[in-house]
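Below are the chains, spelled out letter by letter.
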Amino acid sequence: MSKSKKRMPVLGIFLAVAVIVAGCAPKATTKGVEFPLMYEETPLTILILPPMNESTAAEAKQYYATTVQEVLSYWGYYVFPYEITSDILKMEGIYDAELIRSVPLAKFREYFGADAVLYTTIKKWDLQYMVLASNLTVSIDEELKSTKTDRTLWTYNGTVVVDLSGGNTGGGLAGLIVKAVITAANSAMADYVPYARQANRRALSSFPFGKYHSDFKKDQSMQFIDQTPEKEKNK
Amino acid sequence: MKSNMIKIMVSLAAVLFCFGCSAKKQMYYWGNYSDSLYHAKKNPGVESLAKHKEALENIVEESKNRNLRTPPGVCAELGYLYAANNNTKKAIELFQMEKQTYPESTILMERLIMQTEKRASDDDPSKNTSVGKSIEQEKSIGGSTNE
């Protein structure tokens, strides 16, 4: 009796820590559970459609568009050359994101040979400059739709926060000063291509792999973690 | 609770493991594609476009050197730039290369080859609106055009 009493506080502390950790940690789920249709249809070719920009940053669309093809290719799909396909769409008079939504999906299959199309809405593209840390906050909605069945195969609605302060430079006051200098230099550079790439990559973390990836059809049980920070979710 | 902890640990381990793998095995060589494309869009002009074309050539060459598959779309995009410069032969060669590497691109590549051939056989350039003009239009998307 006395022994178990003694163990109680230890157990209590352990439970408290576990609750805190579990509470903080975003919930993890698997690709197979969330997106079974991806494994059923296994699209091979993806057409990236010009994004709809609802953010206040005019350049967001360009940052997104110039980085998404490269990033998506690493997931193992044949990604159509965005520079060509967006050009063709424009010549067909459907460059506008609202108009694109009205095009029947079968048309994209017929014209380009796309198995699926990726729609993107950029909700937020915020740069926050601070002395010791600068952040790029990107909120996007993405949806992959099948051109065969019109079904939604994959979605992402979330926020990615990319730290722009140049990584870990070590502790101590000297480290902080170095970090502040790097942050200032990074912000001044105003070249966010690598960060846009990173935001894209993180948004795709739940995207099942395609034909050219070594884990094609093998990643159903792969877990992913929702990237959206808690405070963003509660908004 | 404990199983939650374990799950978290396992997923963290999985993430670390994946990073480890990707560092070892390279899938594609993209060079400085995003950067040169972004700059070509932001500061449209002959110079920035030439730089981007150079970046594309470099990707094709380096991929060959490293025994990697050329990334999807790169040969096609380079071919598109050649077509805009009226280099029909080189353009079609590149579209064919894309088709060979990625047979699933056949529908689009055939379409591009057809357009390019049609354009080449057309003596009157003002009649044609397809490939070449599109590059010109492309330059003005960013809003501020220097030219």
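Our subject is the structure listed above.
Since the structure is predicted, the reported quantities are computational estimates derived from the model, not experimental observations. (Residues numbered from 1 in each chain as written. Chains lettered and ligands numbered in written order. Predicted model: local features only at pLDDT ≥ 70, side-chain atom pairs only at ≥ 80, totals over all residues.)

A tally of helices and strands in chain A yields 10 helices and eight strands. A burial count over chain A gives 35% of its 235 residues as buried. Sequence-distant contacts, at least 24 apart, represent 72% of the contacts inside chain A between residues at least 6 apart. (Helix = DSSP H or I, 4+ residues; strand = E, 2+ residues; numbered from the N terminus. Buried ≥ 20, exposed ≤ 12 C-beta atoms within 10 Å, placed from the backbone. Contact = placed C-beta atoms within 7 Å.)

Turning next to the overall build of chain B. Looking only at helices and strands, chain B has seven helices and zero strands in total. Helices and strands appear in chain B in the N-to-C order α-α-α-α-α-α-α.

So, on to the pairing of strand E6 (residues 135–146) of chain A. Residue and element names in this part refer to chain A. Sheet topology places strand E5 (residues 116–128) next to E6; 12 bridges connect them, and they run antiparallel. Bridge assignment links Thr120 to a residue of E6, and that residue is Glu142. As judged from the 11 bridges shared by E6 and strand E7 (residues 152–163), these two strands associate in the antiparallel manner. Paired with Leu144 across the bridge in E7 is Trp154. From the end of E6 to the start of E7, which pair antiparallel, there are five residues, and Asp150 there has a positive phi angle of about 65°. (Pairing = 2+ DSSP bridges.)

Residue and element names in this part refer to chain B. Orientation of helix H3 (residues 46–65) relative to helix H4 (residues 74–84), taken along the N-to-C sense of each, is 140°, at an axis distance of 10 Å. As summarised for this structure, H3 and H4 are arranged oblique, according to the angle between their axes. Pair H3 / H4 crosses with left-handed handedness. Along the contact surface, H3 presents Lys53, Leu56, Glu57, Ile59 and Val60, while H4 presents Val74, Cys75, Glu77, Leu78 and Leu81. Here the contact of H3 with H4 is built from residues that sort into seven nonpolar, no polar and three charged. (Axes fitted to C-alpha atoms, helices over the stretch in contact; angles between N-to-C directions. Parallel < 35°, antiparallel > 145°, perpendicular 65-115°, else oblique. Left-handed = near helix turned anticlockwise from the far one by under 90°. Nonpolar A, V, L, I, M, F, W, Y, C, P; charged D, E, K, R; others polar.)

Let us look at the nonpolar core. Ile46, Leu47, Ile48, Leu72 and Ala114 of chain A together with Ala76 of chain B are the most contacted members of the largest nonpolar core, which totals 69 residues. With nine residues, the top contributor of residues to this core is H4 of chain B. Setting aside residues no more than four positions away along its own chain, Ala76 of chain B makes contact with Pro81 and Ile84 of chain A together with Leu94, Phe95, Glu98, Ser105, Met109 and Leu112 of chain B. (Core = buried A, V, L, I, M, F, W, Y, C linked by C-beta atoms within 7 Å.)

Residue and element names in this part refer to chain B. At a minimum axis distance of 8 Å, the contact between helix H2 (residues 33–42) and H3 shows a crossing angle of 160°. Comparing the axis directions of H2 and H3 gives the class roughly antiparallel. Relative to H3, the crossing made by H2 is left-handed. Across the interface between the two elements, Tyr33, Ser36, Leu37, His39 and Ala40 from H2 touch Ser48, Leu49, Lys51, His52, Ala55 and Ile59 from H3.

Mapped onto the elements of the fold, Arg201 of chain A is located in helix H9 (residues 193–203). Distance from Arg201 of chain A to Val71 of chain A, taken between C-alpha atoms, is 6.1 Å for residues 130 residues apart in sequence.

If you check the backbone angles, Thr42 of chain A has positive phi at about 35° while not being a glycine. Of note, Thr42 of chain A is situated in the loop between helix H3 (36–41) and strand E2 (45–48). C-beta crowding within 10 Å serves as the criterion here: with 15 such atoms nearby, Thr42 of chain A is assigned to the partly exposed category. You will see that Asn86 of chain B, though not glycine, has its phi angle at about 65°, which is positive.

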